[in-house]
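# Topology and contacts: notes
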Amino acid sequence: MPGSTNGPTNGSTNGSTRAMGALTVGGLVVVTAYTVALGSNGWLWFGWVVLGLLTLAMVVTQS
């Protein structure tokens, strides 16, 4: 039918995915700045990779 949607494609779902993407990019900036200023920390990079994978999973399951 015209005007109907299939699945959860409302604005809040898209907004949460965008927020997660922004958090991931912001996390990359913070981890990179920390690495430049104080040296590498493997746990920070591991955490960022996990956050990136969660964001990727949200994007894939949204489609």
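Criteria and cut-off values
- Residues numbered from 1 in each chain as written.
- Predicted model: local features only at pLDDT ≥ 70, side-chain atom pairs only at ≥ 80, totals over all residues.
- Heavy atoms only, no water.
- Helix = DSSP H or I, 4+ residues; strand = E, 2+ residues; numbered from the N terminus.
- Areas by Shrake-Rupley, 256 points an atom, 1.4 Å probe, with all protein chains shown as cover.
- UniProt positions renumbered as here; feature names shortened; annotations may be inferred.
- Polar contact = N/O pair within 3.5 Å; in protein donor to acceptor, adjacent residues only side chain to side chain.
- Contact = heavy atoms within 4.5 Å.
- Phe/Tyr/Trp six-rings, centres within 6.5 Å; stacked < 30°, edge-to-face > 60°.
- Buried < 20%, exposed > 50% of the residue type's maximum accessible area, 1.4 Å probe, protein only.

The name given to the protein chain in an unreviewed UniProt entry is Integral membrane protein, and the organism recorded there is Streptomyces sp. 900105245.

### Considering the overall build of the protein chain
A count of helices and strands for the protein chain gives 2 helices and 0 strands. Here the protein chain has roughly 4,700 Å² of accessible surface; of this, 73% comes from carbon and sulfur atoms.

### Observations concerning the UniProt feature "transmembrane region" (unreviewed entry) in the protein chain
Under the UniProt annotation, "transmembrane region" (unreviewed entry) lies at residues 20-37 and 43-61. End C-alpha to end C-alpha, residues 20-37 measures 25 Å, and it is 100% helix and 0% strand. Secondary structure content for residues 43-61 is 100% helix and 0% strand, while the C-alpha to C-alpha distance between its ends is 27 Å.

### Focus on the side chain of Thr17
Within the fold, Thr17 resides in helix H1 (residues 11-38). There is a polar contact of 2.6 Å between the side chain of Thr17 and the side chain of Gln62. Sequence-distant contacts of Thr17, that is, excluding residues within four places in its chain, are made with Met58, Val59 and Gln62.

### A short note on the packing of aromatic side chains
Inspection of every chain in the model, using the stated rule, returns 2 aromatic pairs. Ring centres 5.9 Å apart and planes at 90° place the aromatic pair Trp43 and Phe46 in the edge-to-face group. With Trp43 and Phe46 both in helix H2 (residues 42-62) and 3 residues apart, the pair spans about one turn of that helix. With respect to burial, Trp43 and Phe46 carry one shared label: exposed.

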